[in-house]
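# Understanding the architecture of this molecule
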Amino acid sequence: MKRRQVGLFVGLSTLDVIQLVDHVPGSNEKLTAREQVVAAGGPAANAAATFSYLGGAARLLTAIGSHPLGHAVTADLNRLGVTVTDLAAPSLDPPAVSSILVTASSGERAVASTNATGVRLVPPDGLDELVSACDIVELDGHHMELALAAAHAARAVGRPTLLDGGSWKPGMRSLLPSIDVAVCSDDFHPPGTHTPTDTLKFLREHGVTWSAVSRGGQSIVWAGPDGSGTVDVPPVRVADTLGAGDVLHGALTHHLAVQGHLTPQGFVEALHGAAEVASHACASFGTRAWMQREAEGAQIDRPSH
């Protein structure tokens, strides 16, 4: 029996309340949404759910808490096969709630959330064992103290690290030397950078071996030690872009865990496979419906173990 790849995901978990609307309401305007989805969210959480769905064993190191809304977040992640280590379990405060409006005609989203504001997570005593037990570590840059400790532990035992660079965050410069692969959004702007080329150069100069910038439906720009290029994103009729980057990172983490040693060809293949999964996810409203669509027959390619 083939062994499942094990991924450790470190970062943010939220409760997502997602409404599908005809337009984003203006000041003092009320409207009735077409549909709603309530689910666990956050970059690391959604990436872990994707990794699990693709056949990996996902463990999530995060903060959720024991408020009733927190129990709902944990239950949703457990249902998706994600093993949760909740470092905020003693807290009775509600988890971060993301309020999300998705415009039906374009799939574009507007998001308001506290994210990890005001929450400090101390690295757990068993962090080294958690890292040693996995094949790869994915980090979203939230809970930076925890991210730094996990990345350092991974580097110490030779586990590859993948950064989801959604935006530049305080402490990121200290994290980069312990990152092997960084895939960033077009909104990720390190100091002094303005273009994807600038960002890739900055990442290389700060110790990241493999890097890429995703640009929505446009091609992904990548760079490595022996080359650079672009990877086309499969075209799709977009219903919802929420969580597309999270799915991209979860799928990429799975591809990289399966591959092991990275080569330029392998990196391109992993990016292409991850982009295919993320595009597939954009064709449905909400962050879970794409999994159901595949179960009903809309197939995506999975990396062979």
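What comes next concerns the included structure.

## Observations regarding the pattern of salt bridges
Counted by the stated rule, this structure contains seven salt bridges. One salt bridge in this structure joins Asp-135 and Arg-3, with 2.8 Å as the shortest N-O distance. Here Asp-135, found in the loop between helix H3 (127-132) and strand S8 (136-139), pairs with Arg-3, found in the segment before strand S1 (6-10); they are 132 residues apart in sequence, far enough to count as distant. Residue class for Arg-3 comes out exposed when judged on its relative accessible area of 52%. Here Lys-201 and Glu-205 are joined by a salt bridge, their closest N and O atoms 2.5 Å apart. Taken together, the residues Lys-201 and Glu-205, both in helix H6 (residues 196-205) and four residues apart, mark about one turn of the helix. Among the residues examined, Glu-205 registers a relative accessible area of 52% and is labelled exposed. Several salt bridges converge on common partners, so that one network encompasses Asp-76, Arg-79 and Arg-288.

## So, the environment of Leu-148
Looking at where Leu-148 falls in the secondary structure, it is placed in helix H4 (residues 144-157). A C-alpha to C-alpha distance of 9.2 Å links Leu-148 and Pro-123, two positions 25 residues apart in sequence. Leaving out residues up to four positions away in the same chain, Leu-148 has contacts with Ser-174 and Leu-175.

## Some points on the packing of helix H1 (residues 43-53) against helix H7 (residues 244-259)
For any two helices packed against each other, the geometry comes down to the angle between their axes and how far apart the axes lie. Two elements in contact, H1 and H7, have axes whose closest approach is 7 Å; the angle formed by their N-to-C orientations is 50°. Viewed along their axes, H1 and H7 adopt a mutual orientation that is oblique. H7 is crossed by H1, and the crossing has right-handed handedness. Contact residues: Pro-43, Asn-46, Ala-47, Thr-50 and Phe-51 in H1; Asp-246, Val-247, His-249, Gly-250, Ala-251, Thr-253, His-254 and Ala-257 in H7. Within the contact of H1 with H7, the residues separate by chemical class into six nonpolar, six polar and one charged.

## Topic: the pairing of strand S9 (residues 161-165)
Most of S9 is tucked away, with five of its five residues classed as buried. The alternating pattern of S9 places Thr-161, Leu-163 and Gly-165 and Leu-162 and Asp-164 on opposite faces, both of which are buried. With three bridges connecting them, S8 and S9 associate as parallel partners. What sits directly across from Val-137, in S9, is Thr-161. In the classification by handedness, the crossover that spans S8, the intervening H4 and the parallel S9 is right-handed. The pairing of S9 with strand S10 (residues 181-185) spans four bridges and is parallel. Bridge pairing in S10 links Asp-164 to Val-183.

## A few points about the nonpolar core
Ranked by size, the top nonpolar core spans 45 residues in total, and within it Leu-77 and Leu-271 carry the most contacts. Among the elements that line this core, the one with the most residues is helix H8 (residues 264-282), at eight residues. Residue contacts for Leu-271: discarding those within four places in its chain leaves Val-183, Ala-212, Ile-220, Trp-222, Val-231 and Leu-252. Listed in part, the 31 residues of the second largest apolar core include Val-10, Ala-147, Ala-151 and Phe-202.

## Some remarks on H7
End to end, H7 covers 22 Å across 16 residues, agreeing with the expected 22 Å (1.5 Å per residue, within 8%). Burial of H7 is extensive: 14 of the 16 residues sit out of reach of the surface. Gly-260 lies just past H7 and shows a positive phi near 80°.

## With respect to the sheet that holds strand S12 (residues 218-224)
Strands sit in the order S5-S4-S1-S8-S9-S10-S11-S12-S13 across an open sheet of nine strands; the sheet is mixed. Strand pairing shows two members of the sheet lacking a second neighbour, strand S5 (82-86) and strand S13 (227-231), which therefore form its edges. Between one strand axis and the next, the sheet turns through 15° on average, direction left out of account. Sheet topology note: the strand S11 (residues 210-215)/S12 ladder contains four bridges and is antiparallel. Paired with Ala-212 across the two strands is Trp-222, which belongs to S12. Against the sheet, H8 contacts S10, S11, S12 and S13, and its axis sits at roughly 155° relative to S12.

Rules used in this analysis
- Residues numbered from 1 in each chain as written.
- Predicted model: local features only at pLDDT ≥ 70, side-chain atom pairs only at ≥ 80, totals over all residues.
- Heavy atoms only, no water.
- Salt bridge = Lys/Arg side-chain N within 4 Å of Asp/Glu carboxyl O.
- Helix = DSSP H or I, 4+ residues; strand = E, 2+ residues; numbered from the N terminus.
- Buried < 20%, exposed > 50% of the residue type's maximum accessible area, 1.4 Å probe, protein only.
- Contact = heavy atoms within 4.5 Å.
- Axes fitted to C-alpha atoms, helices over the stretch in contact; angles between N-to-C directions.
- Parallel < 35°, antiparallel > 145°, perpendicular 65-115°, else oblique.
- Left-handed = near helix turned anticlockwise from the far one by under 90°.
- Nonpolar A, V, L, I, M, F, W, Y, C, P; charged D, E, K, R; others polar.
- Pairing = 2+ DSSP bridges.
- Right-handed = clockwise from strand over helix to strand, strands pointing away.
- Core = buried A, V, L, I, M, F, W, Y, C linked by side-chain atoms within 4.5 Å.
- Expected span 1.5 Å × (residues − 1).

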